[in-house]
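Next come the chains, spelled out residue by residue.
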Amino acid sequence: MVRHSSGIIGLPLRLLAREVYGKLVEKVGKDLVALHTGEERIVPASARYHVCTVEAMPAKADVAFVAIDEVQLAADFERGHVFTDRLLHLRGREETLFLGAATMQPMIEQLLPNATITSRVRMSQLTYAGSKKLSRLPRRSAVVTFSANDVYAIAELVRRQKGGAAVVMGSLSPRTRNAQVEMFQNGDVDHLIATDAIGMGLNLDLDHVAFAAEKKFDGFQHRRLTAAELAQIAGRAGRYTRDGTFGVTGRVSPFEDELVEQLECHVFQPIKMLQWRSRLLDFSSYSDLIATLEVPPDRAGLTKSLPASDLQALELLFKDKDIQRRANSPERLKLLWEVCQVPDYRKIAPANHADLIGIIFQQLDDWGVLSRDWLSAQIGYADRIDGDIDTLANRIAHIRTWTFIANKKGWLDDPVLWQEKTRAVEDRLSDALHERLTKRFVDRRTSVLMKRLREKAMLEAEITATGDVLVEGQLVGQLQGFRFAPDVSAEGNDAKAIHAAAQKVLSVEFENRSEKIAGAANDQFLLSGDGLLRWLGAPIAKLVAGDSVLKPRLMVLADEGLSGQALEYVQSRINLWLNNHVNLLLQPLVDLAESEELEGVAKGMAFQLVENLGILDRRSVSEDVRSLDQDARASLRKFGVRFGAYHIYIPVLLKPAPSSMLVMMWALHNGGLDQDGIVEVPSLSASGRTSIPVNEGISPSLYKTVGFGVYGKRAVRIDILERLADLIRPLLSWRATEESPEPPEGVMERGFTVTVAMTSLLGCAGEDFSTILKSLGYRVERRKIEAEPAAKSEDSGETAAVETPASDATDAANASEQSEAVVADVTSPQEDAKAGEGVDADPTAAVVEEEKWLEIWRPGGRGDRKPNRSGARNKPTPKEPKANTGSRQAQRLEGGYKGSNRSGNGNEGGNKNANRQRNGEKGRGKPREQAPRKPQKVADPDSPFAALAALKASLDKGK
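The rules behind these values
- Residues numbered from 1 in each chain as written.
- Predicted model: local features only at pLDDT ≥ 70, side-chain atom pairs only at ≥ 80, totals over all residues.
- Heavy atoms only, no water.
- Helix = DSSP H or I, 4+ residues; strand = E, 2+ residues; numbered from the N terminus.
- Buried < 20%, exposed > 50% of the residue type's maximum accessible area, 1.4 Å probe, protein only.
- Contact = heavy atoms within 4.5 Å.
- Areas by Shrake-Rupley, 256 points an atom, 1.4 Å probe, with all protein chains shown as cover.
- Axes fitted to C-alpha atoms, helices over the stretch in contact; angles between N-to-C directions.
- Parallel < 35°, antiparallel > 145°, perpendicular 65-115°, else oblique.
- Left-handed = near helix turned anticlockwise from the far one by under 90°.
- Phe/Tyr/Trp six-rings, centres within 6.5 Å; stacked < 30°, edge-to-face > 60°.
- Lys NZ or Arg CZ within 6 Å of the ring centre and 35° of its normal.
- Pairing = 2+ DSSP bridges.
- Core = buried A, V, L, I, M, F, W, Y, C linked by side-chain atoms within 4.5 Å.
- Salt bridge = Lys/Arg side-chain N within 4 Å of Asp/Glu carboxyl O.
- Right-handed = clockwise from strand over helix to strand, strands pointing away.

Novice: Can you break down the overall build of the protein chain residue by residue, with the values?
Specialist: Looking only at helices and strands, one finds 32 helices and 34 strands in the protein chain. For the protein chain, the residues scored as buried account for 45% of the 959 residues in total. By sequence separation, contacts in the protein chain at least 24 residues apart represent 67% of the contacts at least 6 residues apart. Surface summary for the protein chain: the accessible area is close to 48800 Å², and the carbon and sulfur share equals 50%.

Printed below as a string of structure tokens:
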């Protein structure tokens, strides 16, 4: 074309027009070249050469040269009539050139008998390669299918297996398509997944084309591609003198031999019919316009084309009365037809596209130009870069409509402004779409590495401060201590080469780290509960069992790259650290194991303490303990050993740090560090809880190792058990004295009752606490508390206070306090008073009370007998003595004096105060004016305190 003074060339795609425009600008300069497409116009004032899409070519052109590419598209159902019109009517003054497939030769000879036919033979050979799985496709391959979903699915699969793929589809904007093709051309990826959009307009460096489908929807029906259409796509393989191959994937049946021969030899059925539509349109009326569009061709080889999108839009719009009213003149009808030729880029539905066309026509008819506000709002809907691939592709289709409109003469008040706006929006959306496609279908790291490997370049590797291993700036794995953990997604056909490059830098790093560890301070190491030794946070060794429990070992965790002297440095340093760590945390136990000053039974006791990691059940070594003299015990106490009531143990080892270390050492010889409870139990111990629920899946020995004894459903810290013993011991040994005549809380007849201090100490109560006491060897006696109706006092006056012997007051207070501590819901004095009132009001009413029990705990192995007042032992007291006998002993067995009726028949049993009121004074205190009062306690007349009280009374009378 540049050999002529002027010229115009029509191309089938906007993308191809842009490419040719760029080449012409390089040859003759941009001032002489114009670009005409539906969505872009660049027209310098001095332009002599015009590059156009076929639809944008003028009906007439006064130029020296005319060329039309891909003229075989004149047979296309949708666009064919446009190509046929240009083929029949557009000519250059000096030369007219039609470019296309050999299948068009018979039609050219028929329609243009004076045309000169020149054939060009393909310089490379195209060969059928059969069927191949996607995973076995060679490099520089294109996989062709005909739906967006299939394109995405195949691209995902290729990404996982090959590192990535470029994507080319008809719905992509030219800018996005060019960016994807460039990524394939420059070697970032080796595979291209495409629709039949690669069949024309793209010059690709392809070696193989694989068909993943052979049927497509052409807008009217699903059909198999013709041999010529398959050849158009397969012909992308091979370039110039380099041969190419084509084939199918496992999703398509192998091609028939006849079809293969056609594709390899480029012999196809000639085109026999071209699509045609009249260019002589009558705009006198709507019916006249339709009539001219329906005119059949008058030449052989032409057929009237199917209704295109412009005719469909016109027919739909003219059903609207308002459109009919507006298009009532040839000028307005011509304007309507021009508006109907706006392409339907969105492909939503004909009716939807017709609605948009109608709005545009109405505005142009009313104001001559489109509304700025309306047009700005429509562009704004598409000016967003969020969303997925399909969303962005739809927005690009939307903005292309407004880009086309912005390039229509006379439709806008400021066309240059709107052209810039729509072009900027389309570019932003195209870049965002390219980014989404690349992010989804390309593993950038793999593509970069593969490219460098193909170039046979030395791969550069480095290790960051955080341990990331980078090869050519791409993450390929993580260095954890002395072990390289490759990234899973870095695996592939060239993984060995990548790992080899990484190993070069790893070997140097291993030596550097070994030297740093050799000189590291102790505080740089940390042994975690899972048995891993970490240096500055990186795992470098693992704790393993040694010859004895107290002598575990550390095994270095390293790849083969750490060896020789570097490995010795690391092993020596961690061995030294472990020895110091064990000695620091378990010093008493280590000293016991190595002591030579202990002898005899003490030495045996020390041996057992070491074997049991510092804790012994006292009952299991009771004979040995009894045989220890005071000197032997003193020698063990020097090592921190404590002789408790229930255990013999070393208190310092119960702290969190030593106990965690002991757990790991125990686990190494008892099932390993991965068993249940290894992490949980030490953490519970460190939480400060005095008792915890027992998990039946965890060994009791594990609880014992951290200082907890298992008793029923709870595990209790052994030092807390000793504190419990300290609470119980005074209660069992208490005897009344002049200094402390009143018993402490919990004392009860050579036994004790459970107090709040005990339950608070252990953090449990009820059945759990009872189980613990039973496990410790205590036995329980349960006494039923029988409630008696309160007797209403017959005396109207206030009862005089009577001195109560101390022993009786002691016993009564003891019974009362213990009943309150153990028995729940005991009737209060106020409730007793109300009950008394109820009896007076209705003597026949029965009082039903809930049974109440008193639990008395005593050390195991002793009988029920108790001393009598003279010190001799009596026979065991029956459990259910008769009530109201006046016997003090019987009253105690009925549950103590609390809440009982002390009134009896006479002074039986020597009780002089048997008829005292229930609400009388308690003990020696003054009578209280507030009512109701607790029942007054009766002193024992046989006690020495009673005698002292009588002597005092006689002295007072003498005065």
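Novice: Can you break down the packing of helix H19 (residues 587-594) against helix H20 (residues 600-611) residue by residue, with the values?
Specialist: It is at 9 Å that the axes of H19 and H20 come closest, and there the two elements cross at 135°. When the axes of H19 and H20 are compared, the pair comes out oblique. Where H19 crosses over H20, the two elements pack in a sense that is left-handed. Packed against H19, whose contacting residues are Leu589, Leu592 and Ala593, the element H20 presents Ala606, Leu609 and Val610 at the interface.

Novice: A description of the packing of aromatic side chains should follow, citing residues and the corresponding values.
Specialist: In total, this model carries 10 aromatic pairs according to the counting rule given. A centroid spacing of 3.9 Å and a plane angle of 10° characterise the contact between Tyr286 and Phe318, whose relative ring orientation is stacked. With Tyr286 in helix H8 (residues 286-293) and Phe318 in the loop between helix H9 (309-317) and helix H10 (321-326), this residue pair connects regions lying 32 residues apart in the sequence. We classify Tyr286 as partly exposed; its relative accessible area is 24%. Taken together, the ring pairs connect Tyr128, Phe211, Phe246 and Phe255 into an aromatic cluster. Cation over ring: Arg440 sits above Tyr152, and NZ or CZ is 5.1 Å from the ring centre. Positioned above the aromatic ring of Phe643, the side-chain terminus of Arg633 is 5.3 Å from the ring centre.

Novice: Describe in detail the pairing of strand S14 (residues 244-248), supporting the description with residues and values.
Specialist: Remark: a regular strand shows side chains that alternate across the two faces of the sheet. Burial analysis of S14 places 4 of its 5 residues in the buried class, which makes it a mostly covered element. In terms of strand pairing, strand S7 (residues 126-131) meets S14 through 4 bridges, oriented parallel. Looking at the pairing, Ser131 lines up with Val248 of S14. The sheet contact formed by strand S11 (residues 208-211) and S14 spans 4 bridges and is parallel.

Novice: Quick one: what's the story with the nonpolar core, residue by residue and with numbers?
Specialist: Residues Leu586, Leu592, Leu636 and Met661 are the most contacted members of the largest nonpolar core, which totals 72 residues. With 8 residues, the single largest contributor to this core is helix H23 (residues 656-668). Apart from residues no more than four positions distant in its own chain, Leu592 is found in contact with Leu598, Ala606, Leu609, Val610, Leu636, Phe639, Val641 and Ile650. Of all hydrophobic cores here, the second largest spans 63 residues; its members include Val158, Phe318, Val339 and Ala393.

Novice: Account for the sheet that holds strand S5 (residues 65-68), with residues named and values stated.
Specialist: Judged by pairing direction, the sheet is mixed, and its 6 strands sit side by side in the order S3-S2-S4-S1-S5-S6 without closing on themselves. Only two strands of the sheet have a single partner each, and these edge strands are strand S3 (40-42) and strand S6 (95-98). Direction aside, the axes of adjacent strands within the sheet are offset by 15° on average. Pairing geometry for strand S2 (residues 33-37) and strand S4 (residues 49-53), over 4 bridges, is parallel. Looking at S4, one finds that Leu35 is bridged to Val51.

Novice: Run through the pattern of salt bridges, naming residues and quoting values.
Specialist: Tallied over the entire structure, the rule returns 46 salt bridges. One salt bridge in this structure joins Glu19 and Lys23, with 3.6 Å as the shortest N-O distance. Of the two residues, Glu19 and Lys23 are both situated in helix H1 (residues 14-28); the distance of 4 residues between them amounts to about one turn of the helix. Between Arg440 and Glu156 there is a salt bridge, with the nearest N and O atoms lying 2.9 Å from each other. Of the two residues, Arg440 is situated in helix H15 (residues 415-441) and Glu156 in helix H4 (residues 148-162); the sequence distance between them amounts to 284 residues. Connected through salt bridges with shared partners, the residues Arg14, Arg18, Glu39, Glu40, Arg400, Arg423 and Glu426 form a single ionic network.

Novice: I'd love a proper account of the pairing of strand S10 (residues 191-194), names of residues and values included.
Specialist: Every second residue of S10 is oriented toward a common face, with His191 and Ile193 on one face and Leu192 and Ala194 on the other, all of them buried. Pairing of strand S8 (residues 141-144) with S10, which is carried by 4 bridges, proceeds in the parallel orientation. What sits directly across from Val144, in S10, is Ala194. As judged from the 3 bridges shared by strand S9 (residues 166-168) and S10, these two strands associate in the parallel manner. Bridge pairing links Val167 to Ile193 in S10. Crossover S9 to S10 through helix H5 (residues 174-185) is right-handed.

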